[in-house]
Amino acid sequence: MTSFSSTLFRDENQPYQANITVPNWMLGSMERVMQHYVDKNLRLDTQSAEIMPPPVEGKKYMLYAHIPFCHTLCSYCTFHRFLFNEDKARSYFGSLRKEMNMVKALGYDFESMYIGGGTTTVIESELARTIEHARKLFPSIKEVSCESDPRHLDTPEFQQLKGLVDRMSIGVQSFDDGILKMTERLDKFGSGQQTFDKIMAAKELFPIINVDLIFGFRGQTEEIIRHDLEMASKLDPRQITTYPLMITHQTRKSVKGKLLRLRVRWQTNIVKS
Ligand SMILES: C[S@@+](CC[C@H](N)C(=O)[O-])C[C@H]1O[C@@H](n2cnc3c(N)ncnc32)[C@H](O)[C@@H]1O
Ligand code: SF4
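To start, this report covers the structure provided alongside it. All figures in this text were calculated on a predicted structure; none of them were measured in a lab. Within each chain, residues carry numbers counting from 1 in the order of the written sequence. For this description, chains carry letters from A and ligands carry numbers from 1, given in the order in which they are written. Since the coordinates come from a predicted model, pLDDT governs what is reported: local features require at least 70, and pairs of side-chain atoms require 80 or more to be given and counted, while whole-chain, interface and lining totals use all residues.

**Some remarks on the packing of helix α3 (residues 86-105) against helix α4 (residues 124-137)**
In step 1: Fitted lines through C-alpha atoms give the axes, limited to the stretch in contact for helices. The angle between two N-to-C directions lies from 0 to 180 degrees. Starting at the N terminus, helices and strands are each numbered in turn, a helix being any DSSP run of H or I of at least four residues and a strand any DSSP run of E of at least two. Look at α3 against α4: their axes get within 10 Å of each other, and the N-to-C directions meet at 5°. As judged from the angle between their axes, α3 and α4 are roughly parallel. Between α3 and α4, the contacting residues are Arg90, Phe93, Leu96, Arg97, Met100 and Lys104 on the first element and Glu126, Thr130, His133, Ala134 and Leu137 on the second.
In step 2: Its residues assigned to classes, the contact of α3 with α4 comprises 5 nonpolar, 2 polar and 4 charged. Roughly parallel refers to an angle under 35 degrees, roughly antiparallel to one over 145, roughly perpendicular to one between 65 and 115, and oblique to any angle outside these ranges. Here, residues touch in the contact sense if the C-beta positions derived from the backbone fall within 7 Å of one another. By the convention adopted, Pro, Cys, Tyr, Trp, Phe, Met, Ile, Leu, Val and Ala count as nonpolar, Lys, Arg, Asp and Glu as charged, and the other residues, Gly among them, as polar.

**With respect to the site of ligand 2**
In step 1: The criterion for a residue being near a molecule or strand is a backbone-placed C-beta atom within 6 Å of that molecule or strand. Around ligand 2, the structure places Cys70, Leu73, Cys74, Cys77, Phe79, Arg81, Gly117, Gly118, Thr119, Asp149 and Gly171.
In step 2: Class assignment of the residues belonging to the shell around ligand 2 gives a composition of 5 nonpolar, 4 polar and 2 charged.

**Quick notes on the pairing of strand β7 (residues 167-173)**
In step 1: Buried, partly exposed and exposed are defined by the number of other C-beta atoms within 10 Å of a residue's own C-beta, namely 20 or more, between the two limits, and 12 or fewer respectively, with C-beta atoms placed from the backbone. Across the 7 residues of β7, 6 count as buried, placing the element largely inside the fold.
In step 2: For two strands to count as paired, DSSP must find a minimum of two bridges between them. Relative to β7, strand β6 (residues 143-148) runs parallel, the two being bridged by 4 bridges. From the neighbouring strand, serine 145 faces β7, where its bridge partner is arginine 167.
In step 3: In the sheet, β7 pairs with strand β8 (residues 208-215) via 6 bridges, with the strands oriented parallel. Looking at the pairing, methionine 168 lines up with isoleucine 209 of β8.

**Here we look at the site of ligand 1**
In step 1: Near ligand 1 you find 18 residues, and of these Asp149, Gly171, Asp212, Tyr243 and Met246 are the closest.
In step 2: Broken down by secondary-structure element, the contributors of at least two residues to the shell around ligand 1 are β5 (112-117), β7 and β8.
In step 3: Among the residues forming the shell around ligand 1, the class breakdown is 8 nonpolar, 7 polar and 3 charged.

This is the structure we're talking about:
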């Protein structure tokens, strides 16, 4: 999946700063260039997948693990994901741990780990076990990042991740209940205000919290976007990542809205504030 996002970082006592503006024509060209390289370089034949090359001496590696399960399949999402099934998810986490042993046996070491999704927190105990396993196998790992939806942020199970995860990225997308309903998230993850309260409570669990927002949904007015940004900045997370709605064949037409005009306006304003 192609990802063009803009992350707003906060330094101590400074407002959020954003300086990336990507017009639609550029998104299209970049997507075509990336597709060209994927077609050229991505090899999925069994033979090459079975023979994993040993690590290159002196090269630094990051360990990436993908958790392709979600409690709901949001109508805009273009990521590789399947509807949650507990048995399949447990067995998947088990296979991931076995694969890590194989990678270790090949001589790999890692300085950081990124666990992406889907939703990495679908079963918190499995996620915690997998991170513990990785940290034990690869003691050089200094930072672990995960992604979560807002569903379980305030549960005792979620607390297990404290001390194991350094950066937790939370998919909010919008605090507007109309947008949440349209994207099929309201029933599963709760209202914008509930999500806000859960994130506020989860802040003390992790050194870095990131909040993901999307702009470009159908019916998402400038007022809604301003409100989303205000709510996100009130949470005062270390990072806010804003994604333009990316469209692929997976995206349902019902969610697609206009992009350019709104994006330019609010990015200019956030830098000034
Ligand atoms: C892999 S998702 C994981 C987050 C988590 N599953 C959730 O939904 O809350 C990471 C982020 O990708 C972004 N994303 C997913 N589909 C997108 C799309 N079509 N366009 C733009 N951003 C998208 C969302 O902001 C989402 O939070
Ligand atoms: S946005 Fe998150 S929860 Fe929704 S389908 Fe995509 S990965 Fe799953």
